[in-house]
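Examining the three-dimensional arrangement
The chain contents come next:
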Amino acid sequence: MTFATLGLIEPLLRALETLGYQTPTPVQAQAIPAVLAGRDLMAAAQTGTGKTAGFAVPLLQLLTIEGPKVAANSARALILCPTRELAEQVHASVAEYAQHLPLTTYAVYGGVSINPQMMKLRKGVDILVATPGRLIDLFRQNALKLNQLQTLVLDEADRMLDLGFSEELANIYRMLPKKRQTLLFSATFSDDIRLLAGQMLNDPLSIEVSPRNVAANTVKQWVVPVDKKRKPELFVHLMRKGRWKQVLVFAKTRNGVDALVDKLQGLGVNADGIHGDKPQATRQRALDRFKSSDVQILVATDVAARGLDIEDLPLVVNFDLPIVAEDYIHRIGRTGRAGNTGEAISLVCADEVNMLSAIEMLTRQTLTRKTEPEFEPEHRVPETDASGQVVKKPKKPKKPKASGGGGKRNLGKWVDSGDVAPSEPSIKPVRKVPVFNTGPRKKK
Ligand code: AMP
């Protein structure tokens, strides 16, 4: 199959050729004809599968061949993304696909001044990429009207809910024209997302190009059990031993990111960090420097986990496991992209056993464990497997005491959920699901 057989117009074919896209990826092969036919879409695709082109390319075609010229302070298509970084990246891709088309594109997000964005919107843009909060600000300040909107794309929809954007999504939903095309993309599909899709989509076509919730099989994954306090030391040891060149590292908290970056920089390693406390310009600069290999190790919270496309990233390290199991798939999806192979190493301490178990259950695999000599944990990480069970294996039984025959039998101590640090959040936080006006929508 070629892009031409999918019915794409010449300026798009030319742009794809320049980018070196020869054949459509599976998600593109399914999504492009469906979007061109005007269908609503609910698409589950692994990260790095080419989903951006899957929605953006047919959308550009529809906007080129049909519909009116964009009015002042309006947008004809809106792509909602969970993070500023993803908005920038999606916009960059859309602009590349649109390079031979007479369409305007723009990205808006928070953390930067709103005034230039308001000015830019005055003339209207054909495709607007936005994070939910800033979109609402612009709408409320009358810088943007949505009555001309033809198509809404929700990219990384589950991430938007995870990040607490459910209310913003409900608000945006109320601002939209009833007659529109809606495309919902997500790497993973939780029940909340299915509910959201039920409310937002109109007779959607479901596309699932990979088994549900399975990590890319081009990524070699394993776990190194270690005591929590020795993680930084182990990281440095593995980095030196493996001569790591370009590594994306995920830590659970902002403080965790800063502490690891400080340690690495103190050792003379070229490291930088990104998390939500840092200004947008600093985050973007760190990311750009990492992409251009000026920074060797980029440490990030999950803000950076989704959607960032870094060419040929060879290695992702989970310094901490993610609290939400699905984030594991997104994190390791930063490597092994577009057919390349990659590695994902997780440093796991006893406190994280329930998270490990949840990840194994979600990805339907038991992750290989490789204990590093000299770093064997004192606090054993209990055995886990894809069934979601933490295997309760007692330590060596102590000899029964001779006296007091009716006394307690010592079954040994094992770590189970009751032994996990009390401050540890549960595996999956309860998310608020927006309540939408589910009134009838006109068919297109
Ligand atoms: P995405 O999943 O949209 O983030 O895309 C992942 C990577 O695959 C990006 O670097 C795209 O430029 C690339 N890509 C997307 N579609 C194709 C294709 N049909 N052929 C080759 N590379 C592609």
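No experiment lies behind these values; they were computed from the predicted model shown.

1. A closer look at the packing of aromatic side chains
The way to describe two aromatic rings as a pair is by their centre distance and the angle between their planes. The final tally for this structure, using the stated rule, is four aromatic pairs. Summarising the aromatic geometry, the rings of phenylalanine 235 and tryptophan 244 are spaced 5.4 Å apart at their centres and angled 70° between planes, so their arrangement reads as edge-to-face. Residue class for phenylalanine 235 comes out buried when judged on its relative accessible area of 0%. A relative accessible area of 11% means that tryptophan 244 is categorised as buried.

2. Notes on the sheet that holds strand S5 (residues 151-154)
The sheet built from seven strands is open, its strands ordered S3-S4-S2-S5-S6-S1-S7 with parallel pairing. Where the open sheet ends on each side, the last strands, each with one partner, are strand S3 (105-108) and strand S7 (205-208). Ignoring which end each strand starts from, the neighbouring axes of this sheet average 15° apart.

3. Section: helix H11 (residues 254-266)
For H11, built from 13 residues, the straight-helix expectation of 18 Å at 1.5 Å per residue is met to within 8% by its first-to-last C-alpha distance of 18 Å. Every buried residue belonging to H11 is among Val257, Leu260, Val261 and Leu264, and all of these are buried. Relative to the axis of H11, the buried residues are bounded by an arc of 100° and lie together on one face. In H11, the exposed residues that point more than 90 degrees away from the buried face are Asn255, Asp262 and Gly266. Lining the buried residues of H11 we find helix H10 (231-242), strand S9 (247-250), strand S10 (271-274) and strand S11 (297-300). Just downstream of H11 lies glycine 268, where phi reads positive at about 85°.

Basis of the calculations
Residues numbered from 1 in each chain as written. Predicted model: local features only at pLDDT ≥ 70, side-chain atom pairs only at ≥ 80, totals over all residues. Heavy atoms only, no water. Phe/Tyr/Trp six-rings, centres within 6.5 Å; stacked < 30°, edge-to-face > 60°. Buried < 20%, exposed > 50% of the residue type's maximum accessible area, 1.4 Å probe, protein only. Pairing = 2+ DSSP bridges. Helix = DSSP H or I, 4+ residues; strand = E, 2+ residues; numbered from the N terminus. Axes fitted to C-alpha atoms, helices over the stretch in contact; angles between N-to-C directions. Expected span 1.5 Å × (residues − 1). Arc of directions from axis to C-beta. Contact = heavy atoms within 4.5 Å.

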